[in-house]
Amino acid sequence: SLQRTAIWMLGTLCRGKPIIPLDVARNVLPTLSQLASSGDDEVLADTLWALASLSDGPNHYTETVLGTGVIPRVVELLSHAYGSVVTPAS
């Protein structure tokens, strides 16, 4: 689907080395926050990997991710039925 392709692309961008510029991350995070509520397990997994990659960067990236308010949803996904979703959430 188009949504799967788009989140795959965003995830690849977020996992890139060097890390994407912070202003780009700030523009991507609202979309990632929305996709964290997707009903598609593949979209959820790629979204969570993108969030994990950004959170794994310098502290100001982590703070920016925290500022989106997406963390409660990530915590909910820790109890998801599929390991492909739980792994990046943890």
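In case you missed it, the structure is sitting above this.
Residues numbered from 1 in each chain as written. Predicted model: local features only at pLDDT ≥ 70, side-chain atom pairs only at ≥ 80, totals over all residues. Heavy atoms only, no water.

Asker: Would you mind going over unusual backbone geometry with me for this structure?
Answerer: Note: most peptide bonds trans; most residues except glycine with negative phi. The linkage connecting lysine 17 with the following residue, proline 18, adopts the cis geometry, with an omega of 0°. Counting through the fold element by element, proline 18 comes out in the loop between α1 (2-15) and α2 (22-35). (Helix = DSSP H or I, 4+ residues; strand = E, 2+ residues; numbered from the N terminus.)

Asker: I'm lost on a nonpolar patch on the surface in this one. Help?
Answerer: Among the surface-exposed residues, Leu66, Ile71, Val75 and Leu78 lie close enough to one another that they form a single nonpolar patch of about 320 Å² accessible area. Take isoleucine 71: it is sitting in helix α5 (residues 71-77). (Patch = residues over 30% accessible without salt bridge, like charges linked within 9 Å, V, L, I, M, F, W, Y side chains within 5 Å. Areas by Shrake-Rupley, 256 points an atom, 1.4 Å probe, with all protein chains shown as cover. Salt bridge = Lys/Arg side-chain N within 4 Å of Asp/Glu carboxyl O.)

Asker: Could you clarify how one ought to interpret the nonpolar core in this entry?
Answerer: What tends to happen in soluble globular proteins is that the nonpolar side chains get buried as a cluster. Ranked by size, the top nonpolar core spans 22 residues in total, and within it Cys14, Leu32, Leu51 and Leu54 carry the most contacts. Put simply, the parts of the chain that give this core at least two residues each are α1, α2, α3 (41-55), α4 (59-66) and α5. Apart from the residues within four sequence positions on either side, leucine 51 is in contact with Leu29, Leu32, Val65, Val70 and Val74. (Core = buried A, V, L, I, M, F, W, Y, C linked by side-chain atoms within 4.5 Å. Buried < 20%, exposed > 50% of the residue type's maximum accessible area, 1.4 Å probe, protein only. Contact = heavy atoms within 4.5 Å.)

Asker: Can you help me understand α4 in this one?
Answerer: An α-helical segment advances 3.6 residues per turn. Residues three or four places apart therefore align on the same side. Restricting attention to buried positions, one finds in α4 the residues Tyr61, Thr64 and Val65. Angularly, the buried residues of α4 cover 100° about the axis, an arc narrow enough to put them on a single face. Opposite the buried face of α4, by more than 90 degrees, sit the exposed residues Asn59 and Glu63. In this structure, the buried side of α4 is in contact with α2, α3 and α5. (Arc of directions from axis to C-beta.)

Asker: Can you walk me through the packing of α1 against α3 in this structure?
Answerer: Relative placement of two packed helices is described by the angle separating their axes and the distance separating the axes. The interhelical angle for the contact between α1 and α3, taken along N-to-C directions, is 15°, at an axis separation of 8 Å. Here α1 lies roughly parallel to α3, going by the angle between them. Pair α1 / α3 crosses with left-handed handedness. Across the interface between the two elements, Gln3, Arg4, Ile7, Trp8, Gly11, Cys14 and Arg15 from α1 touch Glu42, Val43, Asp46, Thr47, Trp49, Ala50, Ser53 and Leu54 from α3. (Axes fitted to C-alpha atoms, helices over the stretch in contact; angles between N-to-C directions. Parallel < 35°, antiparallel > 145°, perpendicular 65-115°, else oblique. Left-handed = near helix turned anticlockwise from the far one by under 90°.)

Note that all results are geometric; they support no functional claim without further evidence.
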